[in-house]
Protein chains: 2
Amino acid sequence: MTNKDARTPASTQNPTETSANGEAGKSVGWHKAYVEGSRPGLRVPVRQVHLTNGQSVTLYDTSGPYTDPLVDTDVRRGLAPLRENWIIARGDTEEYAGRPVRPEDDGIKHTSPRGGLRNLDAVFPGRPRLPRRGRAGRAVTQLAYARRGEITPEMEFVAVRENVSPEVVREEIAAGRAVLPANVNHPEIEPMIIGKRFLVKVNANIGNSAVTSSIEEEVEKMTWATRWGADTVMDLSTGRNIHTTREWVLRNSPVPIGTVPLYQALEKVDGRAEELTWEIYKDTVVEQAEQGVDYMTVHAGVRLAYVPLTANRKTGIVSRGGSIMAAWCLAHHKESFLYENFEELCEILAAYDVTYSLGDGLRPGSIADANDEAQFAELRTLGELNTVAKRFNVQTMIEGPGHVPMHKIKENIDLQQEICDEAPFYTLGPLTTDVAPAYDHITSGIGAAMIAWWGTAMLCYVTPKEHLGLPNRDDVKTGVITYKIAAHAADLAKGHPGAQEWDDALSDARFEFRWEDQFNLALDPDTARGFHDETLPAEPAKTAHFCSMCGPKFCSMKISQDIRREHGGSRDEIEEGMAQKSKEFAEAGNRVYLPIAD
Amino acid sequence: MTNKDARTPASTQNPTETSANGEAGKSVGWHKAYVEGSRPGLRVPVRQVHLTNGQSVTLYDTSGPYTDPLVDTDVRRGLAPLRENWIIARGDTEEYAGRPVRPEDDGIKHTSPRGGLRNLDAVFPGRPRLPRRGRAGRAVTQLAYARRGEITPEMEFVAVRENVSPEVVREEIAAGRAVLPANVNHPEIEPMIIGKRFLVKVNANIGNSAVTSSIEEEVEKMTWATRWGADTVMDLSTGRNIHTTREWVLRNSPVPIGTVPLYQALEKVDGRAEELTWEIYKDTVVEQAEQGVDYMTVHAGVRLAYVPLTANRKTGIVSRGGSIMAAWCLAHHKESFLYENFEELCEILAAYDVTYSLGDGLRPGSIADANDEAQFAELRTLGELNTVAKRFNVQTMIEGPGHVPMHKIKENIDLQQEICDEAPFYTLGPLTTDVAPAYDHITSGIGAAMIAWWGTAMLCYVTPKEHLGLPNRDDVKTGVITYKIAAHAADLAKGHPGAQEWDDALSDARFEFRWEDQFNLALDPDTARGFHDETLPAEPAKTAHFCSMCGPKFCSMKISQDIRREHGGSRDEIEEGMAQKSKEFAEAGNRVYLPIAD
């Protein structure tokens, strides 16, 4: 969206610029700015790109306070609790002592001689605070507020951010067609919304594992992912220090954080799926809810009866959560404890406004397994559970595949929307072929763009390391950029208001050889500038009226501009002149070459 | 396609392995092999991947003799003329003196003191040969042969290559739904076919320019591109040494070579479009046809009357050929000399069996300009010209856009197929958004996969350097791999026979933790192996029964395998055991958790 356009709330027309920004040594092409909402302290961050022709373009910004040089951030202190006053002002939550943190929360099974928490590598040093939950009998979720007609500050925030009216936000949340993940214990986030009527969102996964990675790396990956446009981040840690890593990530994250509590629960039983119990799982959910996790993947749709449906599959069960639950079901020959205790789980999530992400534990892991009986049986159960969750006022989205060839993608979103009452679909890709390990950001970016066009609300990124290893910093960036492309391509195809103005601004800059503007408007300015400079490194080349592909005398853009120049001044004049010529031409018979009559 | 499957011609069931292959220091996972046709010397190259479980998978191979260690290749000598005997045996062509090569063919306008050709940097040293053309009154194109019911060796070659019957190949060519580009002066190629009933093909552009690049680099880029899967290569050189560069490329290319003769013609008039003439253009086409160019982009659809239609565009005319012709038309205020002389051009192309690629000179260069009046006006003219070309027995494909948002892509292929009598569509992307310079292989890979699914026969690759600079070796590889993904994803979506067997083989290897097989089956084995080794470099990790993402005790594939192991032996037994359990479960009421009634 450009700032030439009227925004719906009149008060938001003029973003306040706070400060210059840009990477060290680079020309300053954009600033962090804020659009003020109707109430004090409601300031929505935007990225304002300043063009060399004096215009500016305002883009959605997920990077948090880190890109505002006026804000002094410190990962050891955490971000300022932006939403704290809004939460307290509602008066429907209370602080309480909370569950004590235990060594096993960080994967330490046996008390060492030095005892308990002192074994942890790096306890978060920020201010201690008590957890908060809904008071007895109070419904504290954004869904509950929306249903009773309240527009919360969070809803207004996302309305400004999406350039729509707050009432549209409220309606979509109330109808269950959108979620606003915002745990009352995660006041640091800048609220965002996930729903098909809004901009398509992108999630980036991070997380250490038994094999590699550290706390510092995970926090760094989170800020790095949001720097490039991740709208939410899932912490999928499975190794040591799960609890502590999550604390650091949450306290420093400007975007909602998602988790899969089952991973941590499994760590607590030493990786033995059959030893999992509802009590251990529930305790883990409370632990994470108290920390502030905004949405949780719950694989409650993997029912005992569905497991045999996977036996003839090419790649069985590829979801980690799905296979853990399948293993548990088979070991005990019992129905899933997640399915059985789903109502109690709803009560817990409702108390903190944790959003469900109902996991697709039976998603296909290969082209051969796409859209099979196991997958769709689970989807129908997720539809059932979505209805239950809504009864408890728990916001809910539904996870989707996986590996799906292009011609089978649309059935996934159509069926999900039908079965789950249009609850937001949140898909992993899908990957459109299995044959390109090391390029699965691309195999899946294709499927992601298509399924988002058809209505998926959020895309879980896939990095080049998918199937091969854990993503490093470069992989995270590549994954996020690829998925921002897919999301924006879908916004365009859906005709999202304002989406095309970004493309138009960049194409104008391209046609007019405003190279710096092209770089600054690009999803990845650094790489675009770097590629240009490889061929034409000199500074004058960035204002040259030709491009580095064709050289000075052979450039189509230049010829096209020459045509305009020779035939008039403004575009209207040119068209008039050309139209006159064309008219003369038409009057003269309109063709020189006569098609064959034979 | 795997070698378990019956091939249509019985004689081709067992590819002959010639030799081991692989990169230095890497384990040998695949061999160059040949499938024999029905006549002596008809040997179709394939890539045979040997799996650690004793099976093998046969893949389409574009890499030419370079990957056969039994063939001694030398770029200074050129490749063996595989088709020469077939061409001579037909008896319908003749050698002739040919057009003398002139200094200006290589961009040298004025005779230097040292005179003429001696100014050239690197005249191709291979054996001199006379050019060949159709005898008077003889129709020597594959289209002409197909129409009169002849199955040429070239047609049989592609039938074996595509695993279809030769009659299908002949029918598709005769109907104009497919082209087999094979200039009588390019006997070095391994024939291939472009049509919607066959595997989707990928073209890679190379070419020096006034700014950068050398002959050696271009030859190296061509072999490099075919090594990764390019089915054809376009030489878009625009700087010095155009003629000589093309000679080196042609003599060393196992795939058809395409060009845009207009680029070289413009060089001959010092870059001044208005000085172009039909005579200069025609002479250039003959020059290139005698060298062996297999298909030529001709921008004959850019008619004078259409130029004003571009005046209000966001990005005007972005095709170089299109803008040159527009400039010429406006400078003279005359109809395009290409359109006016199209019949004579058909006669020339027919004499050498050069295939038309009717260029889309008015393709959109931005999302804003997609599917506009200018674009579709030109497409209707291309339909007209297609009809003319067919009358002269010239094989013809039609070029397509460009920049198109996802929701406007299908209209492009549907309209093209209708207007152009199902002639093969050959598209550049399309790019689905303008905002990601440096990632346009991805913005366009999305559109390419979709438009290929819907019927596009060949995709022109886009590299990460699009809009920014000339592609280097890495960019060429990234572009080719991205487009092979798009093409294969489309083959899957179209249900192309045998396409999924490749995915199945890789997914089987993945499920069974056969890491080396996964690498060797990957589109890019080197990068896949490298990514895996970054996390788990040790050799035992390549046979480990867990993957580098989750570590040894937390792997969904492993859990999924455990489920199978615990519940039986073979897949059938497992399913039976599970089904029994499931039946008991169903008989007991089939649900533990009762969905909410209200």
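Nothing here was measured: the structure is a model prediction, and the numbers come from that model.

Chemist: Could you clarify how one ought to interpret the overall build of chain A in this entry?
Modeler: Broken down by element type, chain A carries 20 helices and 16 strands. Expressed as a percentage of the 598 residues in chain A, the buried residues total 67%. Contacts in chain A between residues at least 24 apart in sequence constitute 72% of all its contacts with a sequence separation of at least 6. Within the structure as shown, chain A displays about 19,400 Å² of accessible surface, and the carbon and sulfur contribution to it stands at 50%.

Chemist: Help me understand the nonpolar core in this model?
Modeler: Grouped together as the largest cluster of nonpolar side chains are 280 residues, with contacts concentrated most on Y281, Y356 and M406 of chain A together with Y281 and Y356 of chain B. Discounting chain neighbours no more than four positions away, the residues touching Y356 of chain B are M296, V298, F342, L345, C346, L349, A389, V394, Q395, T396 and M397 of chain B.

Chemist: Would you explain the sheet that holds strand β14 (residues 396–400) of chain B in this entry?
Modeler: Sheet strands associate in pairs through backbone hydrogen bonding, adopting either a parallel or an antiparallel arrangement. Residue and element names in this part refer to chain B. Around the barrel, which closes on itself, the eight strands sit in the order β9-β10-β11-β12-β13-β14-β15-β16 with parallel pairing between neighbours. Averaged over all pairs of adjacent strands, the angle between their axes in this sheet comes to 25 degrees, without regard to strand direction. The pairing of strand β13 (residues 355–358) with β14 spans three bridges and is parallel. Bridge assignment links L358 to a residue of β14, and that residue is I398.

Chemist: Before we go on, may I ask you to explain the sheet that holds strand β12 (residues 295–298) of chain A in this structure?
Modeler: Residue and element names in this part refer to chain A. Taken together, the eight strands give a closed barrel; going around it, the order is β9-β10-β11-β12-β13-β14-β15-β16, and neighbouring strands pair in parallel fashion. The mean inter-strand angle of the sheet, taken between neighbouring strand axes irrespective of direction, is 25 degrees. Where strand β9 (residues 201–206) meets strand β16 (residues 458–460), three bridges bridge the pair, whose relative direction is parallel. What sits directly across from V202, in β16, is L459. The sheet strands contacting helix α5 (residues 215–227) are β9 and β10 (232–235), and the helix crosses β9 at an angle near 165 degrees.

Chemist: Can you help me understand the packing of aromatic side chains in this one?
Modeler: Each pair of aromatic rings is reported with the distance of its centres and the angle of its planes. Residue and element names in this part refer to chain A. Applying the stated criterion across every chain yields a total of 20 aromatic pairs over all chains. Summarising the aromatic geometry, the rings of W278 and Y281 are spaced 6.2 Å apart at their centres and angled 25 degrees between planes, so their arrangement reads as stacked. Here W278 pairs with Y281, and both are found in helix α8 (residues 278–291), just three residues apart, close to one helical turn. Accessibility assignment for this pair places W278 and Y281 in one class, buried. Here the aromatic cluster, defined as three or more aromatic residues joined through ring pairs, consists of W278, Y281, W328 and F337. Above the plane of the ring of W228 lies K477, whose end atom (NZ or CZ) is 4.1 Å from the centre.

Chemist: Can you walk me through helix α6 (residues 242–251) of chain A in this structure?
Modeler: Since there are 3.6 residues in each turn of an α-helix, residues three or four apart along the chain are aligned in direction. Residue and element names in this part refer to chain A. The buried fraction of α6 is high, at 10 of 10 residues. Those residues of α6 not exposed but buried are I242, H243, T244, T245, R246, E247, W248, V249, L250 and R251. Here the buried face of α6 lies against β9, α5, β10, β11 (257–259), α7 (261–268) and α8.

Chemist: Just to check I follow, could you spell out the UniProt feature "domain: ThiC-associated" (unreviewed entry) in chain A for this structure?
Modeler: The UniProt entry lists residues 31–94 of chain A under the feature "domain: ThiC-associated" (unreviewed entry), expressed in the numbering used here. Along residues 31–94 of chain A one finds 11% helix and 33% strand; the C-alpha atoms at either end are 38 Å apart.

Chemist: How should I be thinking about the layout of surface pockets in this particular structure?
Modeler: If you roll a probe as big as a water molecule over the atoms, it shows you where there is empty space left. As a volume, the largest pocket reaches approximately 730 Å³. Contributing to the lining of the largest pocket are 28 residues, with H441 and T478 of chain A together with H441, P464 and T478 of chain B lying nearest its centre. The set of elements that each furnish at least two residues to the lining of the largest pocket consists of α14 (440–453), α15 (473–493) and α18 (525–535) of chain A together with α14 (440–453), α15 (473–493) and α18 (525–535) of chain B.

Chemist: Would you mind showing me how to read the side chain of Q395 of chain A here?
Modeler: Residue and element names in this part refer to chain A. Relative to the assigned elements, Q395 resides in the loop between α12 (373–391) and β14 (396–400). Residue Q395 is classed as buried on the basis of its relative accessible area, which comes to 2%. A polar atom in the side chain of Q395 sits 2.7 Å from the backbone nitrogen of L180. Here Q395 is in contact with Q142, L143, I173, A178, V179, L180, P181, D353, T355 and Y356, once residues within four sequence places are set aside.

Chemist: In this structure, what is going on with the environment of E466 of chain B? I would like to understand it.
Modeler: Residues and elements named next belong to chain B. One can find E466 in the loop between β16 (458–460) and α15. Residue class for E466 comes out partly exposed when judged on its relative accessible area of 27%. Taking C-alpha positions, E466 is 7.0 Å from A438, a pair spaced 28 residues apart along the chain.

Chemist: I'm lost on the pairing of strand β12 (residues 295–298) of chain B in this one. Help?
Modeler: Within a regular strand, the side chains alternate between the two sheet faces. Residues and elements named next belong to chain B. Here β12 shows a buried face lined by Y295 and T297 and a second buried face lined by M296 and V298. Summarising the sheet, β12 and β13 pair through four bridges and their orientation is parallel. The residue bridging T297 from the neighbouring strand is S357, located in β13.

Chemist: What should I look at first to understand the pairing of β13 of chain B in this one?
Modeler: Burial of β13 of chain B is two-sided: the residues T355 and S357 of chain B facing one way and the residues Y356 and L358 of chain B facing the other way are all buried. Chirality of the crossover, the property in question, places the unit of β13 of chain B, helix α12 (residues 373–391) of chain B and β14 of chain B among those that are right-handed.

Chemist: How should the packing of α15 of chain A against helix α16 (residues 499–511) of chain A be read in this particular structure?
Modeler: Any two packed helices are characterised by the angle at which their axes cross and by the distance between the axes. Residues and elements named next belong to chain A. Interaxial distance between α15 and α16 falls to 8 Å at its minimum, and their mutual angle equals 110 degrees. Classified by the angle between their axes, α15 and α16 sit roughly perpendicular to one another. Facing α15, whose interface residues are H488, D491 and L492, α16 presents A499, Q500, W502 and D503. Looking at side-chain class alone, the contact of α15 with α16 contains three nonpolar, two polar and two charged residues.

Chemist: I'm lost on unusual backbone geometry in this one. Help?
Modeler: Generally, phi is negative for residues other than glycine and the peptide bonds are trans, each holding for most cases. That bond from P401 of chain B to G402 of chain B is cis: its omega, 10 degrees, falls within 30 degrees of zero. Positionally, G402 of chain B belongs in the loop between β14 and α13 (409–419). Along the chain, G429 of chain B connects to P430 of chain B via a cis peptide bond; the corresponding omega equals 10 degrees. Locating P430 of chain B in the fold gives a position in the loop between β15 (425–428) and α14. A positive phi angle, near 65 degrees, is found at N393 of chain A, a position not held by glycine. With respect to the element layout, N393 of chain A can be found in the loop between α12 and β14.

Chemist: I'm lost on the pattern of salt bridges in this one. Help?
Modeler: Any two side chains of opposite charge can pair if their charged atoms end up close together. On inspection of all chains with the given rule, the structure shows 86 salt bridges over all chains. Between K268 of chain A and D105 of chain A there is a salt bridge whose closest N-O contact spans 3.6 Å. Taken as a pair, K268 of chain A in helix α7 and D105 of chain A in the loop between β5 (93–95) and β6 (132–134) lie far apart in primary sequence, 163 residues in all. On the basis of relative accessible area, K268 of chain A is assigned to the buried category, the value being 16%. Between E512 of chain B and R514 of chain B there is a salt bridge; the shortest N-O distance is 3.0 Å. Here R514 of chain B falls in the buried class, since its relative accessible area comes to 12%. Each of R99, R102, D105, R246, K268, D283 and E287 of chain A takes part in a single network of salt bridges with overlapping partners.

Chemist: Sorry, what's going on with the confidence of the model for chain A here?
Modeler: Close inspection of predicted coordinates is inappropriate for parts of the model with low pLDDT. Residues and elements named next belong to chain A. On average, chain A scores 86 in pLDDT, and the residues at 70 or more come to 82%. Ignoring residues within four places in sequence, the model shows residues 111–120, a span with pLDDT below 50, making 12 contacts including any to other chains. A low-confidence stretch, residues 588–598 (pLDDT under 50), is modelled with 18 contacts involving residues beyond four sequence positions or located in other chains.

Chemist: Would you explain helix α5 (residues 215–227) of chain B in this entry?
Modeler: All names here are of chain B. Here α5 is 13 residues long and its end C-alpha atoms lie 18 Å apart, about the 18 Å a rise of 1.5 Å per residue gives. With 10 of its 13 residues buried, α5 lies for the most part within the structure. Every buried residue of α5 is listed here: I215, E218, V219, K221, M222, T223, W224, A225, T226 and R227. Check the buried side of α5 and you find it contacts β2 (30–36), β3 (43–50), β9 (201–206), β10 (232–235), α6 (242–252) and α15. Following α5 by one or two positions, G229 has its phi on the positive side, about 125 degrees.

Chemist: Would you explain the state of the cysteines in this entry?
Modeler: The term disulfide refers to a covalent linkage connecting the sulfur atoms of a pair of cysteines. Residues and elements named next belong to chain B. Summed over the entire model, instances satisfying the criterion amount to zero disulfides over all chains. The thiol sulfur of C329 is not disulfide-bonded, and the nearest other cysteine sulfur, from C346, lies at 18 Å. With relative accessibility at 0%, the residue C329 sits in the buried group.

Chemist: So what exactly am I meant to see when it comes to the environment of L266 of chain A here?
Modeler: Residue and element names in this part refer to chain A. For L266, the location among the structural elements is in helix α7. Take L266: its relative accessible area is 1%, and that puts it in the buried class. Along the backbone, L266 and T284 are 18 residues apart, and their C-alpha atoms lie at a distance of 10.0 Å.

Chemist: Can you help me understand the environment of R246 of chain B in this one?
Modeler: Residues and elements named next belong to chain B. With respect to the secondary-structure elements, R246 resides in helix α6. Spatially, the C-alpha atoms of R246 and G207 are 9.1 Å apart, while their sequence positions differ by 39 residues. Those residues within four positions of R246 in sequence are excluded, and the remaining contacts are D235, T259, Q264, E287, Q288, Q291 and V293. A distance of 3.3 Å separates the side chain of R246 from the side chain of E287, its partner in a polar contact.

What counts as what
- Residues numbered from 1 in each chain as written.
- Chains lettered and ligands numbered in written order.
- Predicted model: local features only at pLDDT ≥ 70, side-chain atom pairs only at ≥ 80, totals over all residues.
- Heavy atoms only, no water.
- Helix = DSSP H or I, 4+ residues; strand = E, 2+ residues; numbered from the N terminus.
- Buried < 20%, exposed > 50% of the residue type's maximum accessible area, 1.4 Å probe, protein only.
- Contact = heavy atoms within 4.5 Å.
- Areas by Shrake-Rupley, 256 points an atom, 1.4 Å probe, with all protein chains shown as cover.
- Core = buried A, V, L, I, M, F, W, Y, C linked by side-chain atoms within 4.5 Å.
- Pairing = 2+ DSSP bridges.
- Axes fitted to C-alpha atoms, helices over the stretch in contact; angles between N-to-C directions.
- Phe/Tyr/Trp six-rings, centres within 6.5 Å; stacked < 30°, edge-to-face > 60°.
- Lys NZ or Arg CZ within 6 Å of the ring centre and 35° of its normal.
- UniProt positions renumbered as here; feature names shortened; annotations may be inferred.
- 1 Å grid on protein atoms, 1.4 Å probe; cavity = no way out; pocket = protein on both sides within 12 Å on 5 of 7 lines; lining within 4 Å.
- Points joined across faces, edges and corners; volume = space filled by probe spheres on them.
- Polar contact = N/O pair within 3.5 Å; in protein donor to acceptor, adjacent residues only side chain to side chain.
- Right-handed = clockwise from strand over helix to strand, strands pointing away.
- Parallel < 35°, antiparallel > 145°, perpendicular 65-115°, else oblique.
- Nonpolar A, V, L, I, M, F, W, Y, C, P; charged D, E, K, R; others polar.
- Salt bridge = Lys/Arg side-chain N within 4 Å of Asp/Glu carboxyl O.
- pLDDT = per-residue confidence, 0-100.
- Expected span 1.5 Å × (residues − 1).
- Disulfide = S-S within 2.5 Å.

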